[in-house]
Amino acid sequence: MPQVVELKDDKKEELIKLGRERIDWAGERMPVLFSLREELKGIEGMQIGACLHVTKETAVLMLALKSAGARVALCGSNPLSTQDDVALALVENGIDVYAWRGQSEEDYRKCVDAVLGKKPDITMDDGGDLTVRAHELGIRARGGTEETTTGVIRIKALSSQKGLLYPIMPVNDAYMKYLFDNRYGTGQSSIDGILRGTSILLAGKRFVVCGYGWVGRGIAMRARGMGSHVIVTEVDPIKALEAHMDGFEVMPILKAAEMGDIFITATGDKNVISGEGMERMKDNVFLANSGHFNVEVDVRHLIENGELVRKRNGIETYLINGRRINLLGEGRLVNLALAEGHPPEVMDMSFAVQALSVQYLNSGKKLEKKVLPVPRELDERVARGKLAAEGIEIDKLTEEQSKYLKSFE
Ligand code: ADE
């Protein structure tokens, strides 16, 4: 099995150069992570096993960990999200990378196992595949981190049903992650994926967002900003009401199916866009997914009941009952399949939380083998670092004000 994509030498050199340039570009926009380099030194000699989208931003994190003295092995967290130039450039820089774009599910799993074969002290995961597999193999790491909503849900289920073999920090649940990465990161990068893939005009389109969590909110907000008429579908009454009062139309998916031009899922659950929904859709609609796994759109229904009439630029067009349905990025994460994922300014915060969490797990404290929330101080450190990097000053409570907040009279 190759570790990264195999290429002829001249093509490889070209890609390595491109990868290096893109990593530098991202690095210049990730000042908080950069500022942590010195204090990360405590992780010297540790083996880190990471399962993350192999992007230029992830590369900046991997190189920061390596420059702090850790050994790093990385596999992708999705078969379609790896940026091959970045993967090659990382290998040139001494990182063990097991990932290439478009790998089969089987190779993807082998790559996860290859990372675990390095016997990591820390697992750093995005989606839960690495952690769940580590538990199947009985690997007792010192600790682990989890980057995304779906992964945290899986780790919490694993913890309550079987127990954890080591402590895991849910990076996703830190304010400095979900408030920015999930909302503004996915909001922008999902629209970016749709536009790079389709080059359609968003103004005037009916844009259906399934799920109004932080990701759905970000996408709905940005789609509205581009002039789309946004419809939200939800199962949670509180989130549905919030979407309504945020000014979006709220309705059941089967009704929205008849009206939408563009559909995007951000729920974390399966078959949100079902065969029944597809059968009601207009001609020439677009289906995309922003959730971690490719389960939200019932792709099998399209394959089994439709005729594939075109495949171009990461988009498959199926003909169903004489109507065209355009599936973006095979129903996988549209922001990474058709674009470059979240911008570096956002990943700066998410990955600064990751780096500080690794340091926390390695601080020598006795930690319980459970899901350990990221401490508030750590969140605030990242926020202060980002504010400083953006040149923003804020106020401080006076002694009188602090005292007032602690009194009940
Ligand atoms: N998830 C979403 N965008 C990402 C990016 N740019 N790098 C790593 N993981 C991501």
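To start, this report covers the structure provided alongside it. (Residues numbered from 1 in each chain as written. Predicted model: local features only at pLDDT ≥ 70, side-chain atom pairs only at ≥ 80, totals over all residues. Heavy atoms only, no water.)

## Description of the nonpolar core
Thought 1: Residues Leu61, Met62, Leu65 and Leu90 are the most contacted members of the largest nonpolar core, which totals 55 residues.
Thought 2: Not counting chain neighbours up to four residues away, the residues in contact with Leu90 comprise Ala59, Met62, Leu63, Leu74, Ile95 and Val97.
Thought 3: The next biggest cluster of nonpolar side chains, apart from the first, holds 24 residues, and it includes Ile191, Val230, Ala243 and Val334. (Core = buried A, V, L, I, M, F, W, Y, C linked by side-chain atoms within 4.5 Å. Buried < 20%, exposed > 50% of the residue type's maximum accessible area, 1.4 Å probe, protein only. Contact = heavy atoms within 4.5 Å.)

## A few points about unusual backbone geometry
Thought 1: For Asn284, which is not glycine, the phi torsion reads 70° and is therefore positive.
Thought 2: Checked against the element boundaries, Asn284 lands in the loop between α12 (275-279) and β11 (285-289).
Thought 3: On the accessibility criterion, Asn284 (29% relative accessible area) is partly exposed.
Thought 4: The backbone phi angle of Glu330 is positive, close to 55°, even though this residue is not glycine.
Thought 5: Assignment of secondary structure puts Glu330 in the loop between β14 (323-328) and α14 (334-337).
Thought 6: Classification of Glu330 by relative accessible area gives partly exposed; the value is 35%. (Helix = DSSP H or I, 4+ residues; strand = E, 2+ residues; numbered from the N terminus.)

## Considerations on helix α4 (residues 84-92)
Thought 1: For α4, the tally of buried residues reaches seven of nine residues, placing the bulk of the element in the interior.
Thought 2: Taken together, the buried residues of α4 touch α1 (9-27), α3 (56-67), β2 (71-75) and β3 (96-98).
Thought 3: Gly94 sits one or two positions beyond α4 and adopts a positive phi of about 85°.

## Considering the site of the ligand
Thought 1: All residues in the neighbourhood of the ligand are listed as His53, Thr55, Glu57, Thr58, Leu336, Glu340, Gly341, His342, Met347 and Phe351.
Thought 2: In this structure, Glu57 approaches the ligand through a side-chain N or O atom, which is 2.9 Å from a nitrogen atom.
Thought 3: Contact distances for the ligand include 2.8 Å between a nitrogen atom and a backbone N or O atom of His342.
Thought 4: Among the elements of the structure, α3 and α15 (344-361) are those that each provide at least two residues to the shell around the ligand.
Thought 5: Classifying every residue of the shell around the ligand by side-chain character gives three nonpolar, five polar and two charged. (Near = heavy atom within 4 Å. Polar contact = N/O pair within 3.5 Å; in protein donor to acceptor, adjacent residues only side chain to side chain. Nonpolar A, V, L, I, M, F, W, Y, C, P; charged D, E, K, R; others polar.)

## Observations concerning a nonpolar patch on the surface
Thought 1: Together, Leu397, Tyr404 and Leu405 give the surface a local cluster of nonpolar side chains, amounting to about 380 Å² of exposed area.
Thought 2: Locating Tyr404 in the fold gives a position in helix α17 (residues 399-406). (Patch = residues over 30% accessible without salt bridge, like charges linked within 9 Å, V, L, I, M, F, W, Y side chains within 5 Å. Areas by Shrake-Rupley, 256 points an atom, 1.4 Å probe, with all protein chains shown as cover. Salt bridge = Lys/Arg side-chain N within 4 Å of Asp/Glu carboxyl O.)

## Some details on the pairing of strand β1 (residues 47-51)
Regular strands show a simple pattern: their side chains alternate between the two faces of the sheet.
Thought 1: Within β1, five of the five residues are buried, leaving the element largely enclosed by the surrounding structure.
Thought 2: Residues Gln47, Gly49 and Cys51 point to one face of β1 and Ile48 and Ala50 to the other, with burial holding for every one of them.
Thought 3: As defined by bridge partners, β1 adjoins β2 across five bridges and the pair is classed as parallel. Bridging across to β2, Ile48 finds its partner in Val72.
Thought 4: Between the parallel pair β1 and β2, the chain is carried across by α3, and the sense of this crossover is right-handed. (Pairing = 2+ DSSP bridges. Right-handed = clockwise from strand over helix to strand, strands pointing away.)

## Topic: the pairing of strand β7 (residues 206-210)
Thought 1: With four of five residues buried, β7 lies mostly within the body of the structure.
Thought 2: On the question of chirality, the crossover connecting β7 to the parallel strand β8 (residues 229-233) by way of helix α9 (residues 214-225) is right-handed.
Thought 3: Note that β7 and strand β10 (residues 262-265) share four bridges and pair parallel. Across the sheet, the residue bridging to Phe207 is Ile262, located in β10.

## Here we look at helix α8 (residues 175-198)
Thought 1: Here α8 contains 24 residues, and its C-alpha end-to-end distance of 33 Å stays within 8% of the 34 Å for a straight helix at 1.5 Å per residue.
Thought 2: Largest kink in α8: about 35°, centred on Asp181.
Thought 3: Burial analysis of α8 places 17 of its 24 residues in the buried class, the great majority of the element.
Thought 4: Within two residues after α8, Ser199 carries a phi angle of roughly 55°, on the positive side. (Expected span 1.5 Å × (residues − 1). Bend = angle between axes of the 7 residues up to and from the residue.)

## As for the environment of Val5
Thought 1: Checked against the element boundaries, Val5 lands in the segment before α1.
Thought 2: Relative accessible area serves as the criterion here: at 22%, Val5 is assigned to the partly exposed category.
Thought 3: As for Val5 and Asp269, which are separated by 264 residues in sequence, their C-alpha atoms are 32 Å apart.

## Overview of the sheet that holds strand β13 (residues 315-320)
Backbone-to-backbone hydrogen bonds join strands into a sheet, with any given pair of strands oriented parallel or antiparallel.
Thought 1: Reading across the sheet, the eight strands line up as β9-β8-β7-β10-β11-β14-β13-β12 and stay open at both edges, with mixed pairing between neighbours. The outermost strands of the open sheet, each flanked by one partner alone, are β9 (249-250) and β12 (307-312).
Thought 2: Two elements, β7 and β8, share five bridges in a ladder whose sense is parallel. Bridging across to β8, Val208 finds its partner in Ile231.
Thought 3: Here α8 sits on the sheet in contact with β7, β10, β11, β13 and β14, set at roughly 140° to β10. (Axes fitted to C-alpha atoms, helices over the stretch in contact; angles between N-to-C directions.)

## Thoughts on the sheet that holds strand β5 (residues 143-146)
Thought 1: Pairing in this open sheet of six strands is parallel, and the strands run β3-β2-β1-β4-β5-β6 from one edge to the other. Two strands bound the open sheet, and with one partner strand each, they are β3 and β6 (168-170). Taking the axes of each pair of neighbouring strands and ignoring which way they run, one obtains an average angle of 15° across the sheet.
Thought 2: Contacting β1, β2 and β4 (122-125), α3 crosses the sheet at an angle of about 160° to β2.

## What to know about the environment of Glu38
Thought 1: In this structure, Glu38 sits in the loop between α2 (31-35) and β1.
Thought 2: The exposed category is assigned to Glu38, whose relative accessible area is 58%.
Thought 3: On a C-alpha basis, the gap between Glu38 and Ala64 in space is 9.5 Å, while along the polypeptide they are 26 residues apart.

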